2 protein chains.
Amino acid sequence: MLLSGGLDSTTVMAGARADGFACYALTIDYGQRHRVELAAAARVAAALGARDHVVLAVDLRRFGGSALTADVALPQGRRPAAMTDIPVTYVPARNTVFLSLALAWAETLSAEDIFIGVNVLDSSGYPDCRPEYVHAFEVMANLATKAGVEKRSRFSIHTPLIRLGKAEIVRRARELGVDLALTWSCYDPGPDHQPCGVCDACILRQKGFAEAGVDDPLRRR
Amino acid sequence: MLLSGGLDSTTVMAGARADGFACYALTIDYGQRHRVELAAAARVAAALGARDHVVLAVDLRRFGGSALTADVALPQGRRPAAMTDIPVTYVPARNTVFLSLALAWAETLSAEDIFIGVNVLDSSGYPDCRPEYVHAFEVMANLATKAGVEKRSRFSIHTPLIRLGKAEIVRRARELGVDLALTWSCYDPGPDHQPCGVCDACILRQKGFAEAGVDDPLRRR
């Protein structure tokens, strides 16, 4: 499973574990400016009993093109959700790169089940969070691989959060007993390593916790 | 375009250049044991006038699973070509990882044309060299990206060699004026940095040059 250490991927991992999956966590160090999420991923992987946790460096900054990796200002405040208004935090083909790497590891492990915490409602500006994209990736994955061609495996891309809003994800995380203090969402932490409170990811997290009626442990610290 | 520095990807790049494309070359340093091909890629990119050449490190050894990246013996002599006999040099999901990274860069560049030198005849053991795989990747790519969703671009995966045998590729390279001394094919060079002459890639290259009636400049040196 792809594990960023954020609320969504942490909830996905906790759910897969509750369903009996042995979890192998993959975190991509892609040059993100919010590098504190790499530490969150390690905390979550340990807390949720990952069989293995690989942090793989793939320096997407070499290609440019996103406020998440480039040294440009991040927008403050929640973006509109129309599909044609794709935010500057979009990283070109990020989920395709991440899922491809997960596929490579899965085939090596003889695993068939790949989990990713995308959701279409609160990420509607990101084309690679939509169900039709995930389906197309799954079709491709089963043509791409030795395991798929030999019919030894049938890869499935699991997206258990794809239809959920942030508040529902917060509630699910609580039901699963996730320690939300371990997770990290902010795109733009300051030098004090605290959430900025004003980036897209902070606004969305705050909204989710508020609607779920749950206090965010990160805000109390 | 994906450029390994081998005969195939070099011929693809020369052809695209002859067709008028401004070429951006992407080479993946994935921990391959035949690291000498990275130097070949740099030579070829310079000789063929790449606008830019990125060598991106993605350490696929972290996942294991292939004789090309692990420290195990490579087979000697040509493998059978039945689809069910996939060679130990298969790297799980390699072309999917490579094409995903090419897609990320292409979107950043506002490029629509991605070139890869796969061919199905001489690589029939590799599922990710088949036309049906390439088509599925292209469908996925156009759902994955901001450029695709906004209909600003229509990504095409170009595979000009997909139906050619090695001898035809050698002939095409010669017609295009490629300096074949710049290219590299061997999977298992010795400490003298010379082709081993006995790995899959050497056997295939020798066969291609012999059938095309062309002397391999690498063998004369």
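Residues numbered from 1 in each chain as written. Chains lettered and ligands numbered in written order. Predicted model: local features only at pLDDT ≥ 70, side-chain atom pairs only at ≥ 80, totals over all residues.

1. Points about the overall build of chain A
Where we set the bar: Starting at the N terminus, helices and strands are each numbered in turn, a helix being any DSSP run of H or I of at least four residues and a strand any DSSP run of E of at least two. Field definition: a residue is buried when 20 or more other C-beta atoms are found within 10 Å of its C-beta, exposed when 12 or fewer are, and partly exposed for counts in between, with C-beta atoms placed from the backbone. In this description, any two residues whose backbone-derived C-beta atoms lie within 7 Å of each other are considered to be in contact.
Counting its secondary structure elements, chain A contains eight helices and four strands. Written out in order from the N terminus, the α and β elements of chain A read α-β-α-β-α-β-α-α-β-α-α-α. Classification of the 221 residues of chain A by burial places 50% in the buried group. When contacts within chain A are restricted to residue pairs at least 6 apart in sequence, those whose partners lie at least 24 apart make up 71%.

2. Focus: the interface of chain B and chain A
In plain terms, the rule: Following the grouping adopted for this structure description, the nonpolar residues are Ala, Val, Leu, Ile, Met, Phe, Trp, Tyr, Cys and Pro, the charged ones are Asp, Glu, Lys and Arg, and the polar ones are all others, Gly among them.
At the junction of the two partners, chain B supplies 40 residues and chain A supplies 40 residues. Elements with a minimum of two residues in the side of chain B that touches chain A: β2 (52–57), α3 (94–109), α4 (131–144) and α5 (146–149) of chain B. No other element matches α3 of chain B, which puts nine residues into the side of chain B that touches chain A. Grouping the amino acids of the side of chain B that touches chain A by side-chain chemistry returns 25 nonpolar, eight polar and seven charged.

3. Here's the deal with the relation of the copies chain B and chain A
As a reminder, the rule being used: A least-squares fit on C-alpha atoms brings the copies together, and the residues used are those whose pLDDT is at least 70 in both copies.
Placing chain B over chain A gives an RMSD of 0.0 Å and needs a rotation angle of 180°, together with 0.0 Å of translation along the axis. These values place the two chain copies in the arrangement generated by a two-fold rotation axis. Among all residues of chain B, the minimum C-alpha distance to the rotation axis is found for V58 of chain B, at 2.8 Å.

4. Details of the packing of helix α6 (residues 166–175) of chain B against helix α7 (residues 200–212) of chain B
Residue and element names in this part refer to chain B. Going by this rule: Between the N-to-C directions of two axes lies an angle of 0 to 180 degrees, each axis being a line fitted to C-alpha atoms and, for a helix, fitted only over the stretch in contact. Between 65 and 115 degrees an angle is taken as roughly perpendicular, under 35 as roughly parallel, over 145 as roughly antiparallel, and anywhere else as oblique. Less than a right angle of anticlockwise turn of the near helix away from the far helix marks a crossing as left-handed, whereas a clockwise turn marks it as right-handed.
For the pair α6 and α7, interaxial distance at closest approach is 7 Å and the crossing angle is 65°. For the element pair α6 / α7, the angle class is roughly perpendicular. The chirality of how α6 crosses α7 is right-handed. The residues of α7 that touch α6, namely those facing K166, A167, I169, V170 and R171, are L204, K207, G208, F209, E211 and A212. Each residue belonging to the contact of α6 with α7 can be placed in one class, and the counts come to six nonpolar, one polar and four charged.

5. Quick word on the nonpolar core
In plain terms, the rule: By convention in this section, buried Ala, Val, Leu, Ile, Met, Phe, Trp, Tyr and Cys residues joined through C-beta atoms within 7 Å make up a nonpolar core.
Judged by nonpolar contacts, the single largest core of 126 residues is most densely connected at L26 and A102 of chain A together with L26 and A102 of chain B. When neighbours within four sequence positions are excluded, L26 of chain B is seen to be in contact with M1, L2, L3, V54, L56, L101, A102 and W105 of chain B.

6. Some remarks on unusual backbone geometry
Phi angles above zero are rare outside glycine, and S110 of chain A is one such case at about 60°. With respect to the helices, strands and loops of the structure, S110 of chain A is situated in the loop between α3 (94–109) and β3 (113–115).

7. Focus on helix α7 (residues 200–212) of chain A
In an α-helix, one full turn covers 3.6 residues, which means residues spaced three or four apart are oriented alike. Residues and elements named next belong to chain A. The condition is simple: Each residue after the first adds 1.5 Å to the expected span of a helix.
Between the first and last C-alpha of α7 there are 18 Å, a value that for 13 residues agrees with the 18 Å anticipated at 1.5 Å per step. Taken together, the buried positions of α7 are D200, A201, C202, R205, G208 and F209. Of the surrounding elements, those touching the buried residues of α7 are α1 (7–18) and α6 (166–175). Backbone geometry just downstream of α7 places G213 in the positive-phi region, at approximately 70°.

8. Topic: the pairing of strand β1 (residues 24–29) of chain A
Residue and element names in this part refer to chain A. The condition is simple: Strands pair, by our definition, only if DSSP identifies at least two bridges between them. Consider the strands pointing away from the viewer: the crossover is right-handed when the path from the first strand over the helix to the second runs clockwise.
The sheet contact formed by β1 and strand β2 (residues 52–57) spans six bridges and is parallel. The residue of β2 that forms the bridge with L26 is V54. Regarding the hand of the β-α-β motif, the stretch spanning β1, helix α2 (residues 36–47) and β2 is right-handed.

9. Digging into the environment of V44 of chain B
All names here are of chain B. With respect to the element layout, V44 can be found in helix α2 (residues 36–47). With 35 residues separating them in the primary sequence, V44 and S9 have C-alpha atoms 9.6 Å apart. Setting aside its immediate chain neighbours within four residues, V44 contacts L3, G5, T10, M13, L182 and T183.

10. Observations concerning helix α1 (residues 7–18) of chain B
Residues and elements named next belong to chain B. For α1, which comprises twelve residues, the first-to-last C-alpha distance of 16 Å matches the rise-based estimate of 16 Å (1.5 Å per residue) to within 8%. Summarising burial for α1: nine of the twelve residues are buried, a large majority. Of all the positions in α1, only L7, D8, S9, T10, T11, V12, M13, A14 and G15 are classed as buried. Looking at the buried residues of α1, the elements they touch are β1 (24–29), α2, β3 (113–115), α6 and α7.

11. Description of the packing of α3 of chain A against α3 of chain B
Remark: α3 of chain A packs on α3 of chain B, axes separated minimally by 9 Å, with the N-to-C direction vectors making an angle of 170°. By the angle between their directions, the pair α3 of chain A and α3 of chain B is classed as roughly antiparallel. Between α3 of chain A and α3 of chain B, the contacting residues are T96, V97, S100, L101, L103 and A104 of chain A on the first element and T96, V97, S100, L101, L103 and A104 of chain B on the second.

12. Some thoughts on the confidence of the model for chain A
Residues and elements named next belong to chain A. Stated precisely, the cut-off is as follows: Note: pLDDT gives the predictor's confidence per residue, expressed from 0 to 100.
Overall, the predicted model of chain A reaches an average pLDDT of 87, with 86% of residues at or above 70. Confidence scores differ between elements of chain A, with helix α5 (residues 146–149) showing the lowest mean pLDDT of 77 and β3 the highest of 98. Contacts for the low-pLDDT stretch residues 78–84, under 50 throughout, to residues beyond four places or in other chains number 14 contacts. In the predicted complex, the global pTM is 0.90; the interface-specific ipTM is 0.89.

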